[in-house]
Amino acid sequence: MKLLVTGGAGFIGSNFVRYVLGERPDWEVVNLDKLTYAGNLENLKDVEDHPRYRFVRGDIADRELMDHLFSEESFDAVANFAAESHVDRSILDPTPFLRTNVQGTQVLLEAARKYKVGRFLQVSTDEVYGSLGETGRFTEESPLLPNSPYAASKAAADLLCRAYHRTYGLPVVITRSSNNYGPYQLPEKLIPLMTLNALEGKPLPVYGKGENIRDWLYVEDNCRAIALVLQRGKDGEVYNIGGGQELRNIDVVERICELLACRIGRDEGELKALITFVEDRPGHDFRYALSCDKVRRLDWSPEVSFDLGLERTIDWYLKNWEWVGRVRSGEYKEYYERIYGPRGVT
Ligand code: NAD
Ligand code: TYD
């Protein structure tokens, strides 16, 4: 199978490309990525010369390029990971989110339709459902009630996918996963940001009271689910993918401090003293939780517990300090100032 992976130089995309090359010997991967601030070819250094892998730099919203690429390559399937992915950045400026996540997805859908691609998998998020209270879970039938510009752009893309299936019969499937964590995640997201700040003795900026709840999914578990849905998912269907490990943010941050203290031989109290409660994120969703019966029926369940996944993640960052140095230079510093400066913790 010849598979187009978009956004393969990002966090989940690069883990997925590596997973597929290792686990699906008859799949060939073309990775198309614009290499925004979030795209990094270093994430795929170990597979760059793999005989079943090829990289193309480009923008999913570039109609001409997509038309050319699809006509040349005859893809059997597309997995669309490419996106602007960070809620805080979408609050600073929603514009690139609409261009890539909405317009870009439509351009890809159109190319897939024109060149009769046999499967189009849209990588979406539980954030399209909005926010839960203390109880309940989202099912695939829950209404789409996105709250952040990021979530709204992903919901719009999901609706376009639905429309392309209903109107043109395009064989679309959608995965909606909970919060991923693991190797190669940019330290703009909670787990790597707190890990690296704690290592360097910097403040750990917890929004509000730290009581918001996320369901954490180890990235490899998500990659395995996405590959299965690509193969066995039913056209037109949505599949929730959750780790089933709900935690309050403050508990995640404390656990990072405990594990890290143990790994580097420091006092955990010293690291926990870095926790700083800062001004909340506007429109901050309180809780996400997913019902995953559908994907479980495809013979999937998460295999990596939160403690094991967090240990692996922390060890990966400790071993990849040079990677960290490079991704935190330049643009990252500016972003950090813009988000955390007004909260008094730079
Ligand atoms: P990321 O920000 O780490 O990577 C995004 C990648 O897309 C980067 O390599 C970037 O260069 C590329 N990209 C951005 N705009 C592009 C464009 N116009 N054309 C081509 N490439 C472009 O994101 P991630 O965390 O790996 O997320 C991947 C996907 O998974 C996204 O669609 C996101 O919405 C979804 N998702 C993420 C999470 C999570 O916890 N990270 C959870 C659920 C769903
Ligand atoms: P994040 O990793 O940005 O993912 P998402 O917003 O897509 O869930 O944030 C996870 C949770 O952590 C979310 O409730 C916001 C919170 N958070 C902080 O408290 N401080 C931070 O510096 C960041 C980045 C996130």
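Residues numbered from 1 in each chain as written. Chains lettered and ligands numbered in written order. Predicted model: local features only at pLDDT ≥ 70, side-chain atom pairs only at ≥ 80, totals over all residues. Heavy atoms only, no water.

*Asks:* So, the pattern of salt bridges: which residues are in play, and what are the values?
*Replies:* Under the defined criterion, the tally for this structure stands at 30 salt bridges. Its salt-bridge partner being Arg 113, residue Glu 110 comes within 3.0 Å of it at the nearest N-O pair. Placement of both Glu 110 and Arg 113 in helix H4 (residues 95-114) is noted, with a separation of 3 residues, approximately one turn of the helix. Exposure remark for Arg 113: the relative accessible area of 32% places this residue in the partly exposed category. (Salt bridge = Lys/Arg side-chain N within 4 Å of Asp/Glu carboxyl O. Helix = DSSP H or I, 4+ residues; strand = E, 2+ residues; numbered from the N terminus. Buried < 20%, exposed > 50% of the residue type's maximum accessible area, 1.4 Å probe, protein only.)

*Asks:* An account of the domain arrangement of the protein is needed here, citing residue identities and associated values.
*Replies:* For the protein, the assigned domains read domain 1 (2-181 + 218-241) and domain 2 (190-213 + 246-282 + 305-340). The C-alpha-based centres of domain 1 and domain 2 are spaced at 27 Å. Taken residue by residue, the interface counts 14 residues in domain 1 and 18 residues in domain 2. Of the roughly 1,400 Å² buried where domain 1 meets domain 2, counting both sides, 51% is carbon and sulfur surface. It is Asp 88, Leu 92 and Tyr 181 that lose the most area in domain 1 upon contact with domain 2, and together they represent 40% of the buried surface on that side. On the surface where domain 1 and domain 2 come into contact, there are 4 salt bridges. (Domains from an automatic or database assignment. Contact = heavy atoms within 4.5 Å. Buried area = accessible area lost by both parts, 1.4 Å probe.)

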